[in-house]
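Secondary and tertiary structure notes
So you can see what is in the structure, the chains are spelled out below.
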Amino acid sequence: MLEEIKIAPSVLSADFTRLADELAEVATGDMLHFDVMDGHFVPNLSFGLDFLRATKSATELPVDVHLMISNPDEMVEKYLDAGADIVSFHFEAATHAHRIVSLIHDRGAKASVALNPATPVYALDPIIDELDMVLVMTVDPGFAGQRFIESSPRKLRQLRRMCDEHGVNPLIEADGGLSAKNASEVTSAGANVVVAGSAVFGAKDRAAAIADIRRAAQAGVSKMA
Ligand code: DX5
Ligand code: ZN
């Protein structure tokens, strides 16, 4: 059976003045991607706990909170309290990754580790068995609308191989610079969650944009080696 691809519209590119309407327009997505930036781990600020509570109250989709912050060890619990369904914290910022994963699981949420483009996949070898998802950045985090890093599919293939060696099958989420034009490049390399910010919220018809990305991403699966 062909793998089902999940599409995760990224709230960062929404019009915040009409958040509820924007979220209603992307209800055909499979999860909402929620980018938290602290102006320290990444050179940009986005939104935090109150905005997460508002988002949760306006969507039925699971919310996938991507913490681009320097102190996930201290902050993860607050995002769980605010309703995160999946929490992705950055490997580069975590002091005690196992402890954070256990905390997330104890609270009944799904645990994910995010990797910057320059962080090798093997960094996750000691922890991969415990993860529900791995987030592979396909741009350097910090901004929407950046260009996809072309070497990303190679890294996704390495991650898929590592998961196979461990006999585990976490979701693999690709994040940054993705659209209907290139989604198949990541899904043919093993990603099964495609984040899309500007490609969804930059389109007039968001449902059509999601459907286009889904079609392109799904076509990539059949090319998977
Ligand atoms: C980038 C964020 C991404 C961003 C994706 O730092 O982590 O999730 O919202 O936006 P696009 O799809 O426009 O690259
Ligand atoms: Zn993100």
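Residues numbered from 1 in each chain as written. Chains lettered and ligands numbered in written order. Predicted model: local features only at pLDDT ≥ 70, side-chain atom pairs only at ≥ 80, totals over all residues. Heavy atoms only, no water.

**As for the site of ligand 1**
Near ligand 1, the surroundings consist of 20 residues, among which S10, D35, G142, D175 and S198 are the closest. The side chain of H33 places a nitrogen or oxygen atom 3.2 Å from an oxygen atom of ligand 1. If ligand 1 stood free it would expose 380 Å²; the protein chains cover 100% of that surface. At the level of elements, strand 2 (32-37), strand 3 (63-68) and strand 8 (193-196) are the ones that each hand at least two residues to the shell around ligand 1. The leading source of residues in the shell around ligand 1 is strand 2, at three residues. (Near = heavy atom within 4 Å. Polar contact = N/O pair within 3.5 Å; in protein donor to acceptor, adjacent residues only side chain to side chain. Areas by Shrake-Rupley, 256 points an atom, 1.4 Å probe, with all protein chains shown as cover. Helix = DSSP H or I, 4+ residues; strand = E, 2+ residues; numbered from the N terminus.)

**With respect to helix 3 (residues 72-81)**
Structural remark: α-helix, 3.6 residues per turn; residues separated by three or four positions point the same way. Among all positions of helix 3, only P72, V76, Y79 and L80 are buried. Seen along its axis, helix 3 keeps its buried residues to an arc of 100°; they face one direction. Away from its buried face, by an angle of more than 90 degrees, helix 3 presents the exposed residues E74 and D81. Packed against the buried residues of helix 3 are strand 2, helix 2 (49-57), strand 3, strand 4 (86-90) and helix 4 (97-106). (Buried < 20%, exposed > 50% of the residue type's maximum accessible area, 1.4 Å probe, protein only. Arc of directions from axis to C-beta. Contact = heavy atoms within 4.5 Å.)

**Considerations on the coordination of the zinc ion (ligand 2)**
Only H33 (NE2), D35 (OD), H66 (ND1) and D175 (OD) from the protein coordinate the zinc ion (ligand 2), and they sit 2.1 to 2.3 Å from it. Spacing between the donor residues of the zinc ion (ligand 2) along the chain follows H-x1-D-x30-H-x108-D. With D35 in strand 2 and H66 in strand 3, this pair connects stretches of sequence that are 31 residues apart. We classify D35 as buried; its relative accessible area is 5%. We classify H66 as buried; its relative accessible area is 0%. (Donors = N, O, S within 2.8 Å, 3.2 Å for Na, K, Ca; no water.)

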